[in-house]
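Architecture at a glance
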Amino acid sequence: MTEALTVKNITLGNGKPSICIPLTSSKKADIIEEAKRYQKEAIDIVEWRADIFEEVENHAAVLEVLNDLVNVLKGIPLIFTFRSHQEGGEKELSKEAYVSLNQFVIQTGLADFVDVELYQGEDTVKHLTSIAHLQHTYVIISNHDFQKTPPKSEIINRLKRADELGGDVLKIAVMPNETEDVLELLTATNEMKKYTNKPMITMAMGPLGAITRLSGQVFGSVLTFGAGERASAPGQIPVQNLHQVLDVIEKSMGEK
């Protein structure tokens with residue numbers, strides 16, 4: 001059974017999946033305006049996709065955005081994510097720059113979660129996770145495959161590895177090329193509950209994978225990403241549609 005994780009006023013792993021919306025603008029003013037609009041919607045968590053920010057390598061500029069976001073979001077939990085190009089992001093940083101950026105953000109104490117990519121390697125993941133936990137920041141250890149869906153056993157192994165490395169939330173996103181790939185992802189998610197009680201975020205991307213963004217309450221994924229100004233990954237569903245479908249599923253599951 002998933003052990004619920006409460007951050008500010010949101011609990012992951014209790015009932016229907018939480019809804020996260022990504023901030024995907026490149027300029028500071030636009031990022032803050034996005035956040036102001038989303039703050040008025042019924043969303044649970046906001047993710048700042050900092051790899052899209054034009055000044056992301058300027059730590060002082062990153063700090064300015066973080067401060068403004070915390071003020072605007074008024075208690076909505078914030079995920080800081082630098083998504084590397086290899087994992088579907090907009091930019092690539094050297095290993096040193098990736099560690100430096102994430103370590104800086106963690107030490108500000110302004111982000112509630114930091115996303116750390118599993119592919120960055122054991123030493124990097126352990127280092128950032130250790131620093132984050134000292135700062136009482138939660139770590140999402142993530143893995144993305146934009147080309148294919150690995151076999152069920154490999155999906156489970158990657159999630160197990162994220163668990164072993166100290167992730168507070170375990171995340172994997174894959175690209176299905178056929179219906180069976182979607183079933184592979186859902187089956188892996190369901191089976192992974194035998195091995196961990198940590199919250200998981202799993203999804204198949206693209207049109208084929210849309211069902212996985214809606215079925216978390218059934219299979220075990222605790223959070224789903226909705227499309228904001230622009231989708232941050234293929235297949236994201238508009239927030240209002242997400243609310244409607246997730247509410248219907250939760251109501252149906254509660255009926256005797």
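Residues numbered from 1 in each chain as written. Predicted model: local features only at pLDDT ≥ 70, side-chain atom pairs only at ≥ 80, totals over all residues. Heavy atoms only, no water.

**Points about the overall build of the chain**
Counting its regular elements, the chain contains 8 helices and 11 strands. In summary, the chain has a C-alpha radius of gyration of 17 Å against a globular reference of 18 Å for 256 residues, a match within 12%. Seen through its C-alpha atoms, the chain measures out along the principal axes to roughly 50 × 40 × 30 Å. Looking at the chain as a whole, 53% of its 256 residues qualify as buried. Partitioning the intrachain contacts of the chain with sequence separation of at least 6 by distance along the chain shows that 73% fall at a separation of at least 24. Approximately 11,100 Å² of the chain is accessible, and the part contributed by carbon and sulfur atoms is 49%. Computed over 26 positive and 36 negative side-chain charges, the separation of the two mean positions in the chain equals 3 Å. (Helix = DSSP H or I, 4+ residues; strand = E, 2+ residues; numbered from the N terminus. Rg over C-alpha atoms; globule rule 2.2 N^0.38 Å. Buried < 20%, exposed > 50% of the residue type's maximum accessible area, 1.4 Å probe, protein only. Contact = heavy atoms within 4.5 Å. Areas by Shrake-Rupley, 256 points an atom, 1.4 Å probe, with all protein chains shown as cover. Lys, Arg positive; Asp, Glu negative; His and termini not counted. Charge placed at Lys NZ, Arg CZ, Asp CG, Glu CD.)

**Concerning the UniProt feature "active site" (unreviewed entry) in the chain**
Residues annotated in UniProt with the feature "active site" (unreviewed entry) correspond here to His 144 and Lys 171. These annotated residues cover 28 residues of sequence, and their C-alpha atoms lie no more than 8.4 Å from one another, placing them together at a single site. Locating His 144 in the fold gives a position in strand 7 (residues 138-145). Look at His 144 and you get buried, because its relative accessible area is 10%. (UniProt positions renumbered as here; feature names shortened; annotations may be inferred.)

**Some words on the packing of helix 5 (residues 152-164) against helix 6 (residues 179-192)**
The axes of two packed helices give the description: the angle between them and the distance between them. Axis separation between helix 5 and helix 6 bottoms out at 9 Å; the angle between their running directions is 45°. Here helix 5 lies oblique to helix 6, going by the angle between them. At the point where helix 5 passes helix 6, the crossing takes the right-handed sense. Contact with helix 5, carried on its side by Lys 152, Ile 155, Ile 156, Leu 159 and Lys 160, involves Glu 184, Leu 185, Thr 187, Ala 188, Glu 191 and Met 192 of helix 6 and no other residues of that element. Its residues assigned to classes, the contact of helix 5 with helix 6 comprises 6 nonpolar, 1 polar and 4 charged. (Axes fitted to C-alpha atoms, helices over the stretch in contact; angles between N-to-C directions. Parallel < 35°, antiparallel > 145°, perpendicular 65-115°, else oblique. Left-handed = near helix turned anticlockwise from the far one by under 90°. Nonpolar A, V, L, I, M, F, W, Y, C, P; charged D, E, K, R; others polar.)

**A few points about the pairing of strand 3 (residues 18-23)**
Taking burial as the measure, the 6 residues of strand 3 include 6 buried ones, the bulk of the element. Because side chains alternate across strand 3, one face comprises the buried residues Ser 18, Cys 20 and Pro 22, and the other comprises Ile 19, Ile 21 and Leu 23, equally buried. Strand direction decides the pairing type here: strand 3 and strand 10 (residues 223-227), joined by 3 bridges, are parallel. Paired with Cys 20 across the bridge in strand 10 is Phe 225. Pairing of strand 3 with strand 4 (residues 45-49) involves 4 bridges; the strand directions are parallel. Following the sheet pairing, Cys 20 is matched in strand 4 by Ile 45. A crossover connection joins strand 3 to the parallel strand 4 through helix 1 (residues 28-39); in handedness this β-α-β unit is right-handed. (Pairing = 2+ DSSP bridges. Right-handed = clockwise from strand over helix to strand, strands pointing away.)

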